[in-house]
Amino acid sequence: MAHFDVIIIGSGAGGGTIAQRLAPTGKSILILERGQHLPREAENWNSRAVFVEHRYRTQEQWYDRLGKPFTPNTHYWVGGNTTFYGAALMRLRDRDFEEVEHGGGVSPAWPLSLTDLAPYYAEAETLWRVHGTRGEDPTEHGDEPPYAYAAVHHDPGVAQLKTHWETQGWRPFSLPLGVDLDQAHPVTSACIRCKTCGGYPCLVKAKSDARTLAIEPLLGAENVTLLTGRKVVRLETDPAGRSVTEVVCQTAGGEERWTGDIVVLAAGAANSAAVLLASANAAHPDGLANGSAQVGRNYMFHTLTAMVSLTAEPVEVTFPKTLAVNDFYWGDPDGGYDRPMGHIQLLEYMSGQTLEGQVSDWLPPGMVPDVMSEALAERLLSMLVISEDLPLAQNRVRLSADGRINLDYVYNNLEGHERLVAKLKASLDGFVDHAHPISQHHLQFDSLLPLYGTAHQAGTVRFGADPAAAVLDLWCKAHQLDNLYVTDTSFFPSVGAVNPTLTVVANALRVGDHLIERLGARRPTPKAARTTRPKAHKAAESLS
């Protein structure tokens, strides 16, 4: 059995970034990924394959609090869910790190501040090629450095919407996006501003995701081993329960066991909690690292409403996800509501078959003629309202006796969200013929699963200074174990109202620096960490 300095479970934003940060140190690193390398094929950009046939989405079943099975909008591939995300990369706002009173309760404070993460946010923005413009977003702290890449230009239809909102006193801004786009030289730009970005894997690998930026550049590194098709099912410890001694995998060929000095768990908020719960032993009878009884609890995934503006004539857009609004993030500037409401951003281009996939839970795609769905798609702008849901102990991940994931969730903190949805709907009067919501604040858990669902999951293994109230310490190390870290969205004490990926990357860079010191290694410069290139693909499977 080979032994490694570091074992990383999961290759998404949290696991991939840790691997990228540690690789230049020369320490031996094993990355265990339950999925395979995503094939590059024409279907990557085929809306029917992606949204109707769900070619790349997991087929496993989770269960809601009533015992009803559902298929989570989760993708198990190298790079994790970032391969399919919409590449909106925003910092949490400064007050998101503080205790905040919401209409539905209190959002707890983080054990660190924006100041602590600021240098890592700046590095993450450059590393993940974030395009944006400082000074436009009214909720910015004010001392952020300029983006290294200029904001993505608005399509004509989006520019018209921006002007429409500005006439109402709103301050829309360029949505920060992670793409490999050279707007000054479109002929040679990797990103081509296509209609198949969010929700699709990028066939030309121009989207800033963990697969492209973190994992694939390490495939030729002599000290990094990536093993695919390895689903980690439990972690075993020494008799005292102080250290993880073996990582146990389920593979097509049977059980495998791996050992490492440090273990980093980054399998996603639901699956990381599931691994810890499945690892219960005599020293940890309620689940590994669960002395606080918080493992699996405080599940969050944002309250989301998609809204469609439908026009009589086609809208001139191909790449609409370039605009956002934060005027109502902390309350209504027009008065009448002084609690947080949330964030608005435009969604990706929706083809007719994307729309068919959205409604497939209640209307079979075969019942919608393609000519009708495509005609609709050409006449709409789609927007997403994101509001913060609060970490509640009863919202949790549980395991059944047979090991299946049960996700108990009750919607909460809806007043601010409903007010923001109403604001958005009213703002569109006069801009389009009419507006209507696809779904109002997830009245049913599975109402938007084909498109959103579990994409923003967080909070199940939260960090904090008090071992009685948190699973992890400030460095995301388990309070009860000496060598176990968690670096996916599980560590979030609260989730704010913006996309979480940039915060995951920034925190993983921070934890990576801590691990470099712990390992007694040399801290790599950001340049070295960013420019590692593959030499040759190592025959990693020979290790098994």
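Residues numbered from 1 in each chain as written. Predicted model: local features only at pLDDT ≥ 70, side-chain atom pairs only at ≥ 80, totals over all residues. Heavy atoms only, no water.

**Structural notes on the sheet that holds strand E4 (residues 69-70)**
Point 1. Strand order in this open sheet of 4 strands is E4-E3-E19-E18, and the pairing throughout is mixed. Looking at the sheet topology across the chains shown, the edges are occupied by E4 and strand E18 (396-399).
Point 2. The pairing of E18 with strand E19 (residues 405-408) spans 4 bridges and is antiparallel. The residue bridging Arg396 from the neighbouring strand is Asp408, located in E19.
Point 3. Running over the sheet, helix H6 (residues 269-278) touches strand E3 (62-64), E18 and E19 and is turned about 45 degrees from E18. (Pairing = 2+ DSSP bridges. Helix = DSSP H or I, 4+ residues; strand = E, 2+ residues; numbered from the N terminus. Contact = heavy atoms within 4.5 Å. Axes fitted to C-alpha atoms, helices over the stretch in contact; angles between N-to-C directions.)

**Points about helix H1 (residues 13-22)**
Point 1. Counting buried positions along H1 gives 10 out of 10 residues, so the element sits mostly inside the fold.
Point 2. Among the residues of H1, those classed as buried are Ala13, Gly14, Gly15, Gly16, Thr17, Ile18, Ala19, Gln20, Arg21 and Leu22. (Buried < 20%, exposed > 50% of the residue type's maximum accessible area, 1.4 Å probe, protein only.)

**Focus: the state of the cysteines**
Point 1. Under the definition given, this model contains 0 disulfides.
Point 2. Here Cys194 is not disulfide-linked; the sulfur of Cys197 is the nearest cysteine sulfur, at 6.1 Å.
Point 3. Take Cys202: it sits in no disulfide, and the sulfur closest to it among the cysteines is that of Cys194, at 6.2 Å.
Point 4. Judged by its relative accessible area of 10%, Cys202 falls in the buried class. (Disulfide = S-S within 2.5 Å.)

**Looking at the pairing of strand E10 (residues 224-227)**
Point 1. By the alternation rule, side chains of E10 split into Val224 and Leu226 and Thr225 and Leu227, which are all buried.
Point 2. With 4 bridges connecting them, strand E2 (residues 29-32) and E10 associate as parallel partners. Bridge assignment links Ile29 to a residue of E10, and that residue is Val224.

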